[in-house]
Every structure is written in C-alpha cells, then in structure tokens.
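For reference, the chains in residue letters:
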Amino acid sequence: MRNTIGKVAVLATSVALLAACSSGTTEETTSAEPSSSATETSSGIDATGLTLTVWTDENRQPAIEAAAATFEEETGATVELVQKNFEDIRADFLAQVPTGEGPDITIGAHDWLGALVEAGVVNTVDLGASASSFAQVAVDAMTYDGQVYGLPYSTEAVALIQNTDLVGTEAPATWDDMIAAGEESGAERAFCINVNGETGDGYTMYPFQTSFGAPVFVQEGGSYTSEVGMGGEAGEAFATWLSENGEKGAGHISTTVDYATNNTLFNKGKCAYTVAGPWALGDFADVNFTVNPVPSAGGETAAPFVGVQGFYVSSQSENALLANEFLTNYIATTDAMQALYDADPRLPAFEGVDTASAPFPDAIAGFQASAEQGVPMPSIPEMGSVWDFWNAAEAKIIKGADPVKTWNKMITDLTASLEG
Amino acid sequence: MSTDTAEQAPAPNKESLARGLTGMGWGFVVKLLLMMVVNALGVAGIMAAWNAQAWIILGASVVFLVAADWVYFSRRALPLKYIYPGLIFLLVFQVFAMGYTAYVATTNYGAGHQGTMEQAVDAALIQSEREVEGSASYPLAVVRDGDTLGFAISEDGVVEVGTADQPLAEVGGSVDDTGRPTEVAGWEIVERGALLSDQELAQQVTDLRVPVSDNADDGSLRTREGSTAKVYRSSLEWDEGAKTLTDVDSGVVYSANEYGTFVGDDGSTLPAGWYVNVGFENFTRAVTDTDYREPLIRVTLWTFAFAFLTVASSFLLGLLFALVFNDERVRGRKVLRTLFILPYAFPAFLTALLWRGMLNPEFGIINKWFFFGADINWLGDPWLAKFSILFVNLWLSFPYWFLVCTGALQSLSSETMEAAQIDGAGRWRQFRSITFPLLLVSTAPLAIASFAFNFNNFTIIYMLTNGGPRFDDTSVPLGATDILITAIYQISGVAGGRADYGLAAALSIVVFVVVGIVSAIAFRQTKKLEEF
C-alpha cells in the first residue's frame, strides 16, 4: 500500500513537472496568437476590427491610450498597447520585426535610425498635412538618406543650468565670462560637469567641442557622412582646452565627477554653473536655477546634441494603412501632442503645445533655446563605434594625458575601426 | 512488518493492488487523469504552434507529447518514467541553448544582417522609393471595378482614375470642396470604413502604385493612410529571377554576395543585408585579427589571475573567519556570523556601484577616512584598479566561503581530532594534517565551480570599472581590468549597439571550452584528495 502511494506521488510530481513544461511551450506560442487571429479576419468576411500593436513605455502609455481610444471609437479597430522598458525597445524591435512578431508601431529615439534602416525594419512615413507643424530639427533628425522614417514628437538637449542665488539669471556669453562670474560668486566650484567618472562623457561635453568647430562626423546637406569630422586643428584646439581645464590644469572638469555627484554638487549650491539635460531637473529641488544655452568656449556656437523621440512604423507591418492613419490623423494633432507632453514633459516638437503645465515651465524655455542652436545626434550606425574611443580619450585628456597626442591617436584608431 | 506478511502469504489481491499503477486500480485512474491534463495542455500547445506557424516548436511539442504518452503508458520504460521530465528540461534549457549558440556562431547574424533575403529586398525597395520633389498631396478616393483597384484624384475639378496597369486618365465624375472625387463614372468608390476594416484590401491599397503617365520616370501615386496620395518614384527594381536589384537612374546592378549583402557592380553596397552561414569564419577571425591578438593575450592572463586570486583570497579569508568563529570561546557567535553574511545578501551589482562611489578619489570615503584625504586614483590606475576589483570581489564573496567552511568544519568528526590530540599533535599540526585536507575534500569542487563563475564574472567588472582604465598602447577599446567576457562584449559591439552576434557567440564558445577544460582537469585533480 505504502508502495503504491509512493509511486503515485512520484508520478504525480513528474506529471506536474511535465505539465509545467508543456504549459511553458503553450505560453510561448499563444503569445503569437494575436497576429494569427488577425490573419484569420483578413479573409474579409467578418471585418470586426483589426488589431494595431503599439509598443510604448510606462511614461507615454497614458497619453497614447487616450489617442488610441479616439481611434478605436472612430475606426472600430483595436489598438493593443504593449508596455516595455524604453531601453529594451531598440534591441527587441531589431530582433522581432524580422521574425514577424514585432509591433506595427513603436516609440523610439532618433539615433536608433541608422541601425533600424540597416536592419531593414522601419518603413518611411509621410508627415501628412501637419508636416509644417513639426520643428525642423526634429524632422531632420528623423530623416535618413533623404527619407523621413519617423514621426517626431519631442526633442531634448543639454543646456547650461545656473544657480540664480549665486550668479543671477543672466546668460554668460563665453566660457571665460562664465568661469569669471562663477569664481566671483564665491561658490566652491565655478563650474562642474558630469564626466561619467573614468569612462568619459562626450555627449555632455559636446557643446564645448562644437564651439571649436569639431563635429563628430562631417555633415553634408543636413545628414551626417561617415567621415570623422573632429580631427585636425579644431579637434586639437578642443583637446588642448579640455586639458587646460582638466585635473592637471584649472580643475573645472574632473573625472571624479559622475552624473550623481554632479547633481549633488549643484543641488547643494557648490557649483555656480553646470551642464545637464531636462532629465536632471528632478535632482535640483533645493536650489534656485535658471536654464540658458551653453556658452561658447572656442568662438563658434556651442551646439549640443539634440535627441528626438518619435514613432516608427515597422516595415513588416500587415496594417501599414491603419498604422499611418493612426499616426498622421490621431497622433500628429495638437491634442494628442499635448497629452504626450502632459504625460511626460519633454520639449515638444509640435507647434501649439502649451508648455505651461510642466513642473519647470521656465526651464523648458531655456532647454528649447539650447536645442534650437543644437545639431541632431548622428543616427548613422557608425555612431555606435564612436562612443567608446571618444569618451575614453576625453577622460584621459581630462586626467592629464598629452591632449594633442591622445586626441590624434583616438582619431586614428576610430577611423581604422570604422573602416573595419 | 510488511516483509513478514509478504513471506507468510503472498495474497493474490494484495498483488493486484501493488500493480494498480499499470492495471485498473485507482492509481491508474489518477495517472489517467494527470496524463489527460498533460495531453490537453500538449495539444493546446501544438495547436497554438500551428496557428503561429512555428514549425520547430510544433515538431518538438509533438515528439515530446508522444514520447510522454509512450513512457507513462508502456510497461517497458520504467526508468524513463523517473527521468523523462528532467530529460525534457535538459533538452529545452541546456542542449537547445548550446546548440543555438553554436548555430549563431556559424552565421553573421548581427547589425546589418538581421532578417531574410526577402526582407532585405523589401527594405531596399522601401528605402529607394522617394517622394517626387514638389509633389502635391492629392485628396484620394480608392475605387474598384470588380477585382481591379484604382485611385481616383482630381486636378482642377477634373476626375482622373488610374490602376496599376493603366496610367491616370480623365473620367467623368464629381468632386467635393476638398477635391476628393465623390462620384466616378464606371467605378465604385470604396468607403474608408470598409478599407480600414479589411486587412487584405488595405494591404492591396498600400501596395498599389498608379503611374502618373506613360513615362515611368514621372513616378506613380501611392497612399499610406488611404485618404491622400502623393507621387513617388522608386529608383530600384527587383529582378526575381536573377536575384538582382537594378538602380534605374545609374544603371548599377546590385547582386547578392556570400556575406548576405547586395553589392553593386561599382562596388557600392545597400544598407540592409540578411544573415547567411559563414562557417568557421567567426572563429578564425577571433584569433587572426592582429589588432586584437596582443591585447587579448593580456586580457586572458588577467582573467586567469582574477579568477584564481579571487577564489584563493576569498577562500582563505572565509576559512580564517570560519575557524575563528567555530571556536566555542568566542562570544555572540550567532550575531557575528549573521553580520558576516551581510555582504553576501546584497545584490552584487549594487555593491559594485556603492564601491565605485566609495573609491572615488575626490569624494569617496575610502580616501577621506582611511588615507587622510590623499588623492589615490583607485579605479584610474591599471594596477590599483586590478587591486580594487580583487578587493571588492573579496568583500563580496568571502561570506560564501565563510558559510561553506563553517558547515564543513562542523561536520568533521570529533573522534579524529581527539585521536590526533592523544597522538600529541599541536594545533597547527592538527589543522595542516587533518582539518585542512578533510575540508578540501568537500570544498574543492565548490572552489572549481567558483573559479568557473568568476571566470565569467561580468557584473563586477562592468559595474566597477567597465574594463578601464584603457590600454594606452593599443588601438582597440579594451582596458586593464577587462576579462574575456567583458572583452567579448566590447569586441562584438554589443556595447555600442552595433552587435555582431555571430562573433560574440563564437567567442563565447571558445571561453566555454576553456572553462570546461580547466574545470575538467581540476576535478580530476581533486579526486586525489579523496584518497586521504
């Protein structure tokens, strides 16, 4: 008797395991069912609505939900919103569109565009009747090789943030003016900037680099070529400047400062000025600040990288018509753009969005001014190879390595790597 | 008790109960019910796989299900009844994952080679179709005549209709204020509602190109959302038979090469490619690239040093504490032991980030509190960075060895110790000749496992130094604290978003083989320990 119970128990556990195992497979395959059921309805007999799958992240979900509700009401189609981590969307979109499991529409950043085009996973879009309402820099950013691939909705860029109790609200015209004003204010540091510790951060430093006329890639008619543009005299001048203000020089720029440290220093009033993006504002609760464009260090305009966010349509979408309809007539409207802004205040790329509702309405204007003098972050796939070399060289120069030699070696290595 | 009864009288009805599992007893009923659940789930899975057209999953599900039925209903497969569930887990989670990695290693799957050839052609055609400059946006009516679809637009109030084969031509009809045709002679207008709810029709409409005139260079009308049309022109033409794309403007013919890229006869390439089998090329590339060879040798040496020193130092420190706190004279042992295990309880990546902050030369508390504010650049100097990695990893992993050694010490028999004491062995002698060798028997396999784990300890390197500081004398983005797995992450471009998964898979297999060999040799050596 005991024997039997034992056997039954063993059997039960193993069957339970089996069940768990096979239910695992079920789960995997049923997740693909929406697409298959969509295929069934395509026979045309029963047109009870198609499903448009849209990938979004947590912050933007409520806003897109609102636009989707109107769309569902007016067209009868169903919009399935899939919430994902923003950081995962790029890789997942690249991997899943070719397998046919991808969405019809996804939210995304413009600097993914080169990789998306190279993988052939995005379709071109037409901004439609409201094309003129989009900020030009945003449309440029979503343009690749002369074709528009995404519907932009927001822009973002770093800007100069200054402690108004220490240095007032007036924007400094040059780097030297800023340092002088900062030192006069009696702050512990005139200026601090995130260098991402030992890693280096070419992104935050970029406005200063462009003020020396050394863009990462040579620009031709609005789009970037794969020719490295930061070599030569302009680049060397920037490297020398970086070294002069680095740890062995004036000490304004230091590898001991990373993102969190920088925000803490500024928030405690220990820095008069810093360069940061709108995403850092939440950390500046204890300080009065204002936002201005970054001052020039090398004489030319200090142009920060402008990042743009928008919507992409999958090249493998079976609902391309519906997807374009949704984007051009339900997202590219003032109401939908306002809803997106209210859900997650980023600088709007669409005319007519009221920014007064933001937690820092004045700051938004400052960031807008900074973005207007910015350049789109390169979206060519080659940019992926740049960061490593570029950041590391800047970190080394800041730490006191020979600026010209280090910079030129970086240019040589980078060029060799791009030619691969 | 039971053996007694069995010897006394092998009662026939008892026998039949014992066999109930295979006969018609209640055990069989339970089995039948459970197998019904298994079969129901299995069939559901198969049907879902059929719907999703996932043929491999379908095939595997069928095989697994049939095998399960055979195993649990056949009398001949008794051992399999126990190991079958485990076997499936082994196949799905281990063998499949390894096999798939090996498969990816023989392809060039990665940035620019992500889909199939058809998808690359699709992408090339999408990317080459451009709006004709100065094209107006026409309010559009989609029209049909039987199965033929057409576009109707109006120019200066005159309705024009065209189809895929017939260029735009004037027909009778009327338009509304916006210029959208409302009536088209000889054609039936397809309502937008009907268009949007019929996926097949919508697809046909998005694929439809209506030539503007007889001259193909004038371009053709297309619509994206079904209510407006613009003139577009495609510069590439796909030849299905020859598998070539031709640029109609420059005459360049793009044909497929063996790496899954379209190469033109002028040497230019198209951006989108597809993945193909490249054989062992990824493996040879990993060892023949001269830029990488020398830095990779340094990285390999450091990987071995890091894995070995981490295991050795944390083992010794853990053992020391275990010995000390195993002594009954120590007070509050339980509290102290709990405190010692704390570092083990934090997630490793959090600990690494915390230490990264504490080791900051200017703001970190290590320099401030312990080195009187000296400017020691812990993570910026190659040797100090290596030391910091080892130190932080020691802090992270000694509690594990403390736990393991405490357990092993407590399981040593006190009789052996007493015998040694009677024989007159001192404390050191006891430890060296008895405690330590006996301890090694139970801990050596764990040490080997720990070595294999640290060999691929991506977290600590990535979170603490990210491989830095960079080598000054090489042209590749590797650094003094990079171990093989972080080097693979860098080399294969996964870090920068230009991933070459084929190369990454090939290098991972190489690392797997290395770890496998080292572990195999080490396990063989530890067998000798058991001879004590």
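Given the structure is predicted, the values throughout are model-derived calculations rather than measurements.

As a further point, take the domain arrangement of chain B. Assigned domains of chain B: these are domain 1 (14–105), domain 2 (117–274) and domain 3 (290–529). Placing the centre of domain 1 of chain B and that of domain 2 of chain B at their C-alpha centroids yields a distance of 51 Å.

Quick look at the domain arrangement of chain A now. It is common to give the size of an interface as the accessible area that goes away when the parts come together. Residues and elements named next belong to chain A. Domain annotation for chain A reports domain 1 (49–156 + 307–375) and domain 2 (159–303 + 381–419). Computed from C-alpha atoms alone, the centre-to-centre distance between domain 1 and domain 2 is 30 Å. Contact residues are listed per partner, giving 19 residues for domain 1 and 16 residues for domain 2. Contributing elements (two or more residues each) for the side of domain 1 that touches domain 2: helix 5 (113–119) and helix 14 (361–372). With six residues, the top contributor of residues to the side of domain 1 that touches domain 2 is helix 14. Of the residues that constitute the side of domain 1 that touches domain 2, the class distribution is six nonpolar, six polar and seven charged.

Let's shift gears to the sheet that holds strand 14 (residues 236–239) of chain B. Residues and elements named next belong to chain B. Here four strands make up an open sheet; going across it, the order is 14-15-16-17 and the pairing antiparallel. With partners counted over all chains shown, the strands left at the sheet margins are strand 14 and strand 17 (262–264), one partner each. Here the strands of the sheet are splayed against their neighbours by 25° on average, with no regard to which way each runs. Relative to strand 17, strand 16 (residues 253–256) is paired through three bridges, and the arrangement is antiparallel.

Next up on the list: the confidence of the model for chain B. Averaged over all residues, the pLDDT of chain B is 84; the fraction at 70 or higher stands at 94%. Counted against residues more than four places away or in other chains, residues 1–21 of chain B, with its pLDDT under 50, gives 17 contacts.

Every α-helical turn comprises 3.6 residues, leaving residues that sit three or four positions apart pointing alike. Residue and element names in this part refer to chain A. Spanning twelve residues, helix 12 (residues 320–331) covers 15 Å between terminal C-alpha atoms, matching the ideal 16 Å at 1.5 Å per step. Within helix 12, twelve of the twelve residues are buried, which leaves it mostly tucked inside the rest of the structure. When we look at burial in helix 12, the residues that qualify are A320, L321, L322, A323, N324, E325, F326, L327, T328, N329, Y330 and I331.

A few words now on the pairing of strand 6 (residues 150–156) of chain A. All names here are of chain A. For strand 6, the buried fraction is high: seven of the seven residues fall into the buried class. Bridging between strand 6 and strand 13 (residues 305–313) involves six bridges; their strand directions are antiparallel. Within strand 13, the residue paired with L151 across the bridge is F311. Sheet topology places strand 6 next to strand 14 (residues 347–348); two bridges connect them, and they run antiparallel. When the sheet's bridge partners are listed, T155 is paired in strand 14 with L347.

What follows covers the confidence of the model for chain A. With 88% of its residues at a pLDDT of 70 or more, chain A has an overall mean of 82. Here residues 1–48 of chain A is modelled with pLDDT under 50, and outside its nearest four sequence neighbours on either side it reaches 80 contacts, counting other chains as well.

Residues and elements named next belong to chain A. Summarising burial for strand 7 (residues 159–163): five of the five residues are buried, a large majority. Pairing of strand 7 with strand 11 (residues 271–276), which is carried by four bridges, proceeds in the antiparallel orientation. When the bridges of strand 11 are listed, Q162 appears paired with Y273. Across four bridges, strand 7 lies against strand 12 (residues 289–292) in antiparallel orientation. Counterpart to N163 in the pairing with strand 12 is F289.

Residue and element names in this part refer to chain A. At a minimum axis distance of 8 Å, the contact between helix 10 (residues 232–244) and helix 16 (residues 403–419) shows a crossing angle of 130°. Overall, the two elements helix 10 and helix 16 adopt an arrangement that is oblique. Seen along the crossing, helix 10 lies across helix 16 with a hand that is right-handed. When helix 10 is examined against helix 16, the residues G235, E236, A239, T240, L242 and S243 are found in contact with a partner set consisting of P403, V404, T406, W407 and I411. Within the contact of helix 10 with helix 16, the residues separate by chemical class into six nonpolar, four polar and one charged.

The rules we used
Residues numbered from 1 in each chain as written. Chains lettered and ligands numbered in written order. Predicted model: local features only at pLDDT ≥ 70, side-chain atom pairs only at ≥ 80, totals over all residues. Domains from an automatic or database assignment. Contact = placed C-beta atoms within 7 Å. Helix = DSSP H or I, 4+ residues; strand = E, 2+ residues; numbered from the N terminus. Nonpolar A, V, L, I, M, F, W, Y, C, P; charged D, E, K, R; others polar. Pairing = 2+ DSSP bridges. Axes fitted to C-alpha atoms, helices over the stretch in contact; angles between N-to-C directions. pLDDT = per-residue confidence, 0-100. Expected span 1.5 Å × (residues − 1). Buried ≥ 20, exposed ≤ 12 C-beta atoms within 10 Å, placed from the backbone. Parallel < 35°, antiparallel > 145°, perpendicular 65-115°, else oblique. Left-handed = near helix turned anticlockwise from the far one by under 90°.

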